[in-house]
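Given next are the chains, with one letter for each unit.
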Amino acid sequence: MTENDTAGEQARREQDLVDRVLRSFDDCQSPRLKELMQGVVRHLHAFICDVRLTEAEWQRGIEFLTQVGQITDEKRQEFILLSDTLGASMQTITVNNQAYGTATEATVFGPFFVEDAPRVALGGDISGGAAGEPCWVEGTVRDTEGTPVPGARIEVWEADDDGFYDVQYDDGRTAGRGHLYSDTDGSFRFWAITPTPYPIPHDGPVGKMLAAVSRSPMRASHLHFMVDADGFRTLVTHIFVRGDELLESDTVFGVKDSLVKDFQQQPTGTATPDGRDLGDQTWSRVRFDIVLAPAGA
């Protein structure tokens, strides 16, 4: 048998296996499930054949996924971290939030959202005592035609100056999160804290993977938003701090140019928009005008 014949026979055997695995789903009663399973098989086998995966490498991969499962519990979702750091979370969001006119771009949800965050009034403070520099956030909620959207529910959450969300502490605190509603003219405003960079949890297998490939676990500074209003597609997004050196290397690939905003630093003694007395503290301010796509878009 010639070298060409041998290569051809090898390719035939590999394709024969793929075809047999694909046919094993022929009796699946759900067309969508069948499509998903066959798609996974095609891409997984293509990967194995493309990189000529060794048995030792496959075994190491299984061990890695086992470790991801073992560290996952009700407080820590290592599979989400893995999805995030491989860009799979961001790609799923991109696929499911189709571009629509001037609608604000979506980005990753993250693992630290909490239901039933406290309501704050317009101009209120979501910090709840979280450490950090005060930040005045204001903007509007509108549709893609520029019409104000009153009564939109705006959920906001963020890490403190030490890089931790409230749920990462053991004392049951609620801080750095809240919800409010847009005014009759679509406007909103509240106090938060100026976002700072922080690492994703990196003491587990995902952290070891990042270290092995010389990648940082750091996230660029950001403030989370989730905006919901009747008749509109729910928006999950962040805003990022212009000038942050991590914008190009955000470990979960969440940064989009349209979401990078100017957080303008204000010197000590600068008058605040609502007359709040901050004493000798510096503070920042940022504007974020939100545009919602229609439901079903």
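One can find the structure itself at the top, above this paragraph.
Residues numbered from 1 in each chain as written. Predicted model: local features only at pLDDT ≥ 70, side-chain atom pairs only at ≥ 80, totals over all residues. Heavy atoms only, no water.

Trainee: Whenever I open this one, the sheet that holds strand β7 (residues 222-228) confuses me. Can you help?
Mentor: Sheet strands line up and pair through hydrogen bonds in the backbone, either parallel or antiparallel. The mixed open sheet is built from five strands, whose spatial order is β3-β2-β7-β8-β9. A single partner strand is all that each edge strand has here, and the edge strands are β3 (177-181) and β9 (260-261). As defined by bridge partners, β7 adjoins strand β8 (residues 235-241) across six bridges and the pair is classed as antiparallel. Considered in β8, the bridge of His224 is made with His238. (Pairing = 2+ DSSP bridges. Helix = DSSP H or I, 4+ residues; strand = E, 2+ residues; numbered from the N terminus.)

Trainee: Would you explain the pairing of strand β2 (residues 153-157) in this entry?
Mentor: One face of the sheet, then the other: side chains in a regular strand alternate in exactly this way. Counting buried residues along β2, four of its five residues qualify, which places the element largely inside the surrounding structure. Pairing of β2 with β3, which is carried by five bridges, proceeds in the antiparallel orientation. The partner of Trp157 across the bridge, within β3, is Arg177. Relative to β7, β2 is paired through five bridges, and the arrangement is antiparallel. Looking at the pairing, Ile154 lines up with Val227 of β7. (Buried < 20%, exposed > 50% of the residue type's maximum accessible area, 1.4 Å probe, protein only.)

Trainee: Teacher, can you tell me more about the pairing of β8 here?
Mentor: Across the seven residues that make up β8, a large majority, seven, are buried. Counted along the chain from β7 to the antiparallel partner β8, the turn is six residues long, and its residue Gly231 has a positive phi close to 85°. Where β8 lies against β9, two bridges are found, and the strand directions are parallel. The residue of β9 that forms the bridge with Val241 is Lys261.

Trainee: Quick question: what am I supposed to make of unusual backbone geometry here?
Mentor: For residues other than glycine, phi is negative in most cases, and the peptide bonds are mostly trans. Of note in the backbone geometry, Arg52 takes a positive phi value of approximately 50° without being a glycine. Structurally, the position occupied by Arg52 is in the loop between α2 (31-51) and α3 (55-71). On the accessibility criterion, Arg52 (46% relative accessible area) is partly exposed.

Trainee: Honestly, the nonpolar core in this entry has me stumped. Any pointers?
Mentor: Counting 39 residues, the largest nonpolar core has Val137, Val141, Phe188, Phe190, Phe225, Val227 and Ile290 as its most contacted members. Excluding residues that lie within four positions of it along the chain, Val137 makes contacts with Phe188, Arg189, Phe190, Ala192, Leu223, Phe225 and Val286. (Core = buried A, V, L, I, M, F, W, Y, C linked by side-chain atoms within 4.5 Å. Contact = heavy atoms within 4.5 Å.)

Trainee: Would you mind going over a nonpolar patch on the surface with me for this structure?
Mentor: On the surface, Val40, Leu44, Phe47, Val51, Trp58 and Ile62 cluster together to form a nonpolar patch covering roughly 510 Å² of accessible area. Counting residues per element, the ones that place at least two in the nonpolar patch are α2 and α3. Ranked by residue count, the leading element in the nonpolar patch is α2, at four residues. If you trace the backbone, Trp58 turns up in helix α3. (Patch = residues over 30% accessible without salt bridge, like charges linked within 9 Å, V, L, I, M, F, W, Y side chains within 5 Å. Areas by Shrake-Rupley, 256 points an atom, 1.4 Å probe, with all protein chains shown as cover. Salt bridge = Lys/Arg side-chain N within 4 Å of Asp/Glu carboxyl O.)

Trainee: I tried to follow helix α6 (residues 205-212) on my own but got confused; where do I start?
Mentor: Three or four residues apart is the spacing at which side chains of an α-helix point the same way, because the helix has 3.6 residues per turn. Here α6 has its buried residues at Pro205, Val206, Gly207, Met209 and Leu210. Lining the buried residues of α6 we find α3 and α4 (78-85). Ser214, located one to two residues past α6, shows a positive phi value of around 60°.

Trainee: Is there a simple way to explain the pattern of salt bridges in this structure?
Mentor: Two side chains bearing opposite charge may form a pair once their charged atoms approach each other closely. Counted under the stated rule, the structure contains 19 salt bridges. For Arg76, the salt bridge goes to Glu78, with nearest N and O atoms at 2.8 Å. Overall, the relative accessible area of 16% leaves Arg76 in the buried class. Salt bridges sharing partners connect three or more residues here, namely Glu9, Arg12 and Arg13.

Trainee: What is the right way to read the side chain of Asp244 from this model?
Mentor: The residue Asp244 is located in the loop between β8 and β9 in this model. No salt bridge is formed by the buried Asp244, whose closest oppositely charged neighbour, Arg219, lies at an N-O distance of 9.3 Å. In terms of polar contacts, Asp244 uses its side chain to reach the backbone amide nitrogen of Ser221, at 2.7 Å. Reaching out from Asp244, the side chain makes a polar contact with the backbone nitrogen of Leu246 at a distance of 2.9 Å. With residues near it in sequence (within four places) discarded, Asp244 still touches Pro197, Ala220 and Ser221. (Lys, Arg positive; Asp, Glu negative; His and termini not counted. Polar contact = N/O pair within 3.5 Å; in protein donor to acceptor, adjacent residues only side chain to side chain.)

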